Amino acid sequence: MHTNFIDRVRVHVAAGPGGDGCLSFRREKFIEFGGPNGADGGKGGDVWFEATADLATLLDVARNPHVKGCQGSPGKGGNKTGAAGEDTVIRVPLGTVIYVRHGERRLEAADLCVQGQRYLAAQGGRGGRGNLSFKTKFNTAPRVAEKGEPGKAFTLDLELKLIADVGFVGLPNAGKSTLLARISAARPKIADYPFTTLSPNLGAVSHKGVEFSAADIPGLIEGAHEGKGLGIEFLRHVERTRILIHLVDPSGHDGVDAVRGVRIIEAELAAVSSELLRKPRLLVVTKADLPGFEAAVKALKRRYPKREVLVISAATGAGVSALLDRVIKTLPRRSTPVPSLSDPRASAVEAAVRVEPGFRVRDAGGGRFVLSGPFVERAASMLKAELPEAVERFQKALKRIGVDRALRHAGIREGDYVACGKLEFEWTEIGKAPPGLINRRERAKLRKILRARKG
Ligand SMILES: Nc1nc2c(ncn2[C@@H]2O[C@H](COP(=O)(O)OP(=O)(O)OP(=O)(O)O)[C@@H](O)[C@H]2O)c(=O)[nH]1
Ligand SMILES: [Mg+2]
């Protein structure tokens, strides 16, 4: 379906969070103090993109632009680690280029041009640790467990650039689709009016034992690079072809004669990129079954003496075999691009989007302070706030990296609130008073204990 051709799409991917760690103690007959046996949660599912020849557009991706990975299963007692979340694999057509958005920048992360080639777009979070993992010589019965780590999340721009060996360009109605239908099994719409083709068509051609693919794109008109007609958007799809076939209707188009028409198309190609002009371009006059084509061929040869001008009729097939001979002679011997396993692009992206250590503290007014930064937010999201021992660990970690000092510097006072990601807690100085994250009842109990100790 032409109207359903989608070649650009923005997607938000979030890999699965890890499963929560488990807090559990062994309970067995005759064993009075069973040790901790809460296991770690499973890893969250990754989100991948995979190239397949079965798809021709990014329509499926556009229909589901928010992708969430599967969560890992929670750990269990009896040291049973949670199962990893299943990976999510999003299938995209061959020729899909993936860009990672990073602030205002856009980094090319992958170019999926080989069947089955994959790109790891977002890694699942690790499983939260169960209390068995926290057991040490000094704390043999820890009442600490973590929630699963959130999965990585990115905003991606996907762009399809068809992978074809040969691209057809020309004015509307030149006969591009007719030629594609003649040489391949593709059945594009053909009609006697301009802009019949609204989206690219791809066809597989086999000629004298050589196989190649051809792309037919919508017609171009003067000013296409400024948005006239269907614009030049679709030229992206011939950017990576090896040869361009410039089809020329000998009777011209819309009052423009053949020679001027060729100049218009060349100017539009040049306006897009000089790269297009560096490709071998064959000038092919078509509709040679109609009377009067010789004059146009003559005029073209006069205007472009150094260029080869071929003549065909896509309707009768005359000259088409000679054209294909010419194409396979020009095509470089096929060298299938093999994606390297460690795509340097991917690691460049990794480096650019790597989360910076450090945190920020902001006075939000009204006794509320906002603590932000990848490390602290990650730690907050993994905190089981109902476990006092876990809260204490969390507070110690904050103190270690200097959050206490920064908050004090920002003017925080006992009883003020700190928000970090989705977590919000009351501020209490460590050491001076009981941990600030526990509920009121718990705190009252602890005060009593402290008082009792003093007394
Ligand atoms: N007589 C004759 N007519 C042709 C030939 N090739 C194409 N046509 C006719 O020219 C008209 C346009 O053909 P298309 O193949 O749709 O042209 P196109 O370049 O794909 O046009 P757009 O998609 O609109 O840019 C149709 O009516 C075709 O039947 C040919 O070799 N001989
Ligand atoms: Mg067409």
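Structure's up top.
A short tour of the structure in this document, coming up. No experiment lies behind these values; they were computed from the predicted model shown.

**Looking at the overall build of the protein chain**
- Secondary structure assignment for the protein chain yields 11 helices and 18 strands.
- A burial count over the protein chain gives 40% of its 455 residues as buried.

**Thoughts on the environment of Gln-71**
- You can see Gln-71 is positioned in the loop between strand E3 (66–68) and strand E4 (88–93).
- Each C-alpha atom of the pair Gln-71 and Gly-41 lies 9.7 Å from the other, and the pair is 30 residues apart in sequence.
- In contact with Gln-71, not counting residues within four places along its chain, are Gly-16, Pro-17, Gly-19, Gly-44, Gly-85 and Gly-148.

**Some details on the site of ligand 1**
- Taken together, 24 residues sit near ligand 1, with Gly-175, Ser-177, Thr-197, Gly-219 and Ala-315 positioned nearest.
- Here the element with the most residues in the shell around ligand 1 is helix H2 (residues 176–183); it accounts for 3 residues.

**Concerning the pairing of strand E1 (residues 8–14)**
- Pairing of E1 with strand E8 (residues 153–160) involves 7 bridges; the strand directions are antiparallel. Its bridge partner lying in E8, Val-11 is registered against Leu-156.
- Examined bridge by bridge, E1 and E3 share 3 bridges and lie parallel to one another. Residue pairing in the sheet places Ala-14 in a bridge with Lys-68 of E3.

**Some points on the nonpolar core**
- Judged by nonpolar contacts, the single largest core of 70 residues is most densely connected at Leu-158, Phe-168, Ala-214, Ala-215, Val-248 and Val-285.
- Residue contributions to this core peak at 5 residues, all from strand E12 (residues 243–248).
- Residue assignment places this core across two domains, with domain 1 (2–161) and domain 2 (166–330) each supplying three or more.
- Discounting chain neighbours no more than four positions away, the residues touching Phe-168 are Lys-176, Leu-179, Leu-180, Ala-214, Ala-215, Asp-216, Ile-217, Ile-245 and Leu-247.
- Cys-22, Leu-132, Ala-145 and Val-418 belong to the second-largest nonpolar core, a separate cluster that totals 26 residues.

**Thoughts on helix H9 (residues 388–400)**
- Taking 1.5 Å of rise per residue, the 13 residues of H9 would be expected to cover 18 Å, and the 18 Å separating its terminal C-alpha atoms lies within 8% of that figure.
- Taken residue by residue, H9 has Ala-390, Val-391, Phe-394, Gln-395 and Leu-398 as its buried positions. Within H9, the buried residues cover an arc of 140° as seen down the axis, which keeps them to one side. More than 90 degrees from the buried face of H9, the exposed residues found are Lys-396 and Arg-400.
- Packing partners of the buried residues in H9 comprise helix H8 (374–381) and helix H10 (403–409).
- One or two positions beyond H9, positive phi appears at Gly-402, with a value near 95°.

**Section: the sheet that holds E1**
- Overall, mixed pairing links the 5 strands, which are arranged E3-E1-E8-E5-E6 in an open sheet. On the outer flanks of this sheet lie E3 and strand E6 (105–112), each paired with one strand and no other. Across this sheet, the average inter-strand angle for adjacent strands is 30°, counted without regard to direction.

Cut-offs used in this document
Residues numbered from 1 in each chain as written. Chains lettered and ligands numbered in written order. Predicted model: local features only at pLDDT ≥ 70, side-chain atom pairs only at ≥ 80, totals over all residues. Helix = DSSP H or I, 4+ residues; strand = E, 2+ residues; numbered from the N terminus. Buried ≥ 20, exposed ≤ 12 C-beta atoms within 10 Å, placed from the backbone. Contact = placed C-beta atoms within 7 Å. Near = placed C-beta within 6 Å. Pairing = 2+ DSSP bridges. Core = buried A, V, L, I, M, F, W, Y, C linked by C-beta atoms within 7 Å. Domains from an automatic or database assignment. Expected span 1.5 Å × (residues − 1). Arc of directions from axis to C-beta. Axes fitted to C-alpha atoms, helices over the stretch in contact; angles between N-to-C directions.

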